[in-house]
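# Structural overview
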Amino acid sequence: MCHNLGTGGVDAGPTSIGHRWQLGSRRAPTVYNAVFNVAQFWDGRAPDPKVQAAGPAQSSVEMNATPDRVLSTLNSMTDYVVMFSKAFPNDAAPVTFENFAKAIEAFEATLTTPAAPFDQYLHGDGYALTDQQKAGLKLFIEKGCSSCHNGINVGGRDYFPFGTIERPAESLLPREDKGRFSVTKDLGGEYVFRSAPLRNVALRPPYFHCGQVWSLKQAVGVMSEVQLGAKLSDEEADEIVAFLNSLTGQLPKIDYPILPTRTIATPKPSLDK
C-alpha cells in the first residue's frame, strides 16, 4: 500500500496509512531504483534494502508485526515453505526472518527503470531530449541543482540540510522532524535529509519528506529559493520541469502474483493488536 508500483513506487497521499489507520510521519520514498541510493529512508537509517524491509514489518505505525508472527504466517502456508526452500536451498531452515528480508531485497533490486530519454541522450542520441528539456538540463547544472542531485539515481547519494539558504515554511519542514539527527544524535544532523532521487520524479507527487507540495513546478521553485537562494523565472521553472520529465524511465512489467492460500493455522488479521 505504501509503495504502489502503479503510481511511481509510492502511494497517493502525503503520508502512508498503516495499522489501525495511523498516518506515518513522512512521505513514503519510492522503491523504484532504491537499490542505487546510499541508504534507505529519508534519514538513511537503513544501510540497504534488506535492513529497510525488516523495519516496516515491525513498526507499530505500519504493519505492527513481529518476526515470530511473520514466520508463523509464512510457515502456515505450504506454498511459501516450498518457495523459500527453492530460494534458499542451502539453509536447513529456510523460512527465517532474515531470509524474508533478503527475498524482498532481491525483488526490489529488479525495480530499476532504464532507458529514460535522459539516458538515451547521455548515450549519444541528441534528439532524445527536446530543446526545452536541453535548456532545463543546462539550468539544472548552472543553477546548482546537480550539486545535490547527481549520480546514477540523480540524487539519493548524500545528505543535505533542507533550507541551506533560508528555512522552508514549517508545513514543509516540521520542527519535530529533525531528520538525520534521529540517527546520528549529532546536532549537525538537524533537519538534514538524504537528497531525493529524481528518476521518475514526475510520477510521484506530492513532494518532499513531508509530502505537502503537489506540483513539481512548485517543488522546483521551493528548492531553488531555500537551497540555492535563486528566484526562477516562470520560463526557467518550466524548462527545469521539462528536464525532470526526461528522467522518467521504462518501468518493469510486474505480474501481480496469486498469493498462497491461507490455512486454519495462519494468524488472523487484526485491527486491534
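That block above? That's the structure.
This write-up is about the structure you can find in this document. From a predicted model like this one, the values you see are computed outputs, not experimental measurements.

The subject of this paragraph is the nonpolar core. Phe140, Phe208 and Leu244 are the most contacted members of the largest nonpolar core, which totals 31 residues. Secondary-structure elements contributing two or more residues to this core are helix H6 (131–142), helix H8 (216–228) and helix H9 (234–245). Apart from residues lying up to four places away in sequence, Leu244 is in contact with Phe140, Leu198, Val201, Leu216 and Val220. Core analysis: the second largest hydrophobic core is formed by 13 residues, Ala54, Leu71, Val95 and Phe100 among them.

For the rest of this paragraph, the subject is the packing of H8 against H9. Between H8 and H9, the least distance of the axes is 9 Å, while the angle of their chain directions is 115°. With respect to H9, the element H8 is oriented roughly perpendicular. In this structure, H8 crosses over H9, and the sense of that crossing is right-handed. Contacts between H8 and H9 pair Leu216, Lys217 and Val220 from the former with Asp234, Ala237, Asp238, Ile240, Val241 and Leu244 from the latter.

This part takes up the pattern of salt bridges. Applying the stated rule across the entire model yields 14 salt bridges. With its nearest N and O atoms 3.0 Å apart, the salt bridge here joins Arg26 to Asp43. Note that Arg26 is positioned in the segment before helix H1 (49–58) and Asp43 in the segment before H1, a separation of 17 residues in sequence. A single burial state applies to Arg26 and to Asp43, both of which are buried.

Take H1 next. Turning to H1, its buried residues number three or more, namely Pro49, Gln52, Ala53, Ala54, Pro56 and Ala57. In this structure, the buried residues of H1 make contact with helix H4 (97–108). Its side-chain oxygen 3.1 Å from the backbone nitrogen of Lys50, Asp48 forms the N-cap of H1.

Turning our eyes to something else, we now look at the packing of aromatic side chains. For any pair of aromatic rings, the description consists of the separation of the ring centres together with the inter-plane angle of the planes. On inspection of all chains with the given rule, the structure shows 5 aromatic pairs. Ring centres of Phe118 and Phe243 lie 5.3 Å apart, and the angle between their planes is 90°; this geometry places the pair in the edge-to-face category. With Phe118 in helix H5 (residues 117–122) and Phe243 in helix H9, the pair connects residues that are 125 residues apart, well separated along the chain. Its relative accessible area of 12% is what places Phe118 among the buried residues. Given a relative accessible area of 1%, Phe243 falls into the buried group. The interplanar angle of 50° and the centroid separation of 5.1 Å between the aromatic rings of Phe140 and Phe243 together place this pair among those described as tilted. Linking Phe140 in helix H6 with Phe243 in helix H9, this pair joins segments that are 103 residues apart in sequence. Judged on exposure class, the residue Phe140 and its partner Phe243 are both buried. Taken together, Phe118, Phe140 and Phe243 form an aromatic cluster joined through their ring pairs.

What follows deals with a nonpolar patch on the surface. A cluster of nonpolar side chains, contributed by Ile17, Trp21 and Leu23, occupies part of the molecular surface with about 380 Å² of accessible area. In this structure, Trp21 sits in the segment before H1.

Where H6 meets H9, the closest approach of the two axes is 7 Å, and the angle between their N-to-C directions is 100°. Regarding the angle of H6 to H9, the classification is roughly perpendicular. Contacts between H6 and H9 involve Gln132, Gln133, Ala135, Gly136, Leu137, Leu139 and Phe140 on the former and, on the latter, Glu236, Asp238, Glu239, Ile240, Ala242, Phe243, Leu244 and Asn245.

Turning next to the environment of Ala12. As for its placement among the helices and strands, Ala12 is situated in the segment before H1. Between the C-alpha atom of Ala12 and that of Asp131, which follows or precedes it by 119 residues, the distance is 31 Å. In this view, Ala12 contacts Pro206 and Trp214; residues no more than four positions away in its chain are not counted.

Let's shift gears to the side chain of Gln40. On the secondary structure map, Gln40 appears in the segment before H1. Looking at Gln40, its side chain comes within polar contact range of the main-chain oxygen of Ala34, at 3.0 Å. Not counting residues up to four positions away in its chain, the partners in contact with Gln40 are Ala34, Arg45, Ala46, Asp48, Pro49, Gln52 and Arg194.

Within the secondary structure layout, Gly55 lies in helix H1. The exposure class of Gly55 is partly exposed, given its relative accessible area of 30%. Each C-alpha atom of the pair Gly55 and Ala101 lies 9.3 Å from the other, and the pair is 46 residues apart in sequence.

All right, on to unusual backbone geometry then. Residue Pro206 is bonded to the preceding Pro205 through a cis peptide linkage, with omega at 5°. Within the secondary structure layout, Pro206 lies in the loop between strand E2 (192–194) and H8. The phi dihedral of Arg20 is positive, around 55°, even though this residue is not glycine. Inspection of the secondary structure assignment puts Arg20 in the segment before H1. Even without being glycine, Asn33 reaches a positive phi, approximately 65°. Tracing the sequence through the fold places Asn33 in the segment before H1. Residue class for Asn33 comes out buried when judged on its relative accessible area of 2%.

The rules behind these values
- Residues numbered from 1 in each chain as written.
- Predicted model: local features only at pLDDT ≥ 70, side-chain atom pairs only at ≥ 80, totals over all residues.
- Heavy atoms only, no water.
- Core = buried A, V, L, I, M, F, W, Y, C linked by side-chain atoms within 4.5 Å.
- Buried < 20%, exposed > 50% of the residue type's maximum accessible area, 1.4 Å probe, protein only.
- Helix = DSSP H or I, 4+ residues; strand = E, 2+ residues; numbered from the N terminus.
- Contact = heavy atoms within 4.5 Å.
- Axes fitted to C-alpha atoms, helices over the stretch in contact; angles between N-to-C directions.
- Parallel < 35°, antiparallel > 145°, perpendicular 65-115°, else oblique.
- Left-handed = near helix turned anticlockwise from the far one by under 90°.
- Salt bridge = Lys/Arg side-chain N within 4 Å of Asp/Glu carboxyl O.
- Polar contact = N/O pair within 3.5 Å; in protein donor to acceptor, adjacent residues only side chain to side chain.
- Phe/Tyr/Trp six-rings, centres within 6.5 Å; stacked < 30°, edge-to-face > 60°.
- Patch = residues over 30% accessible without salt bridge, like charges linked within 9 Å, V, L, I, M, F, W, Y side chains within 5 Å.
- Areas by Shrake-Rupley, 256 points an atom, 1.4 Å probe, with all protein chains shown as cover.

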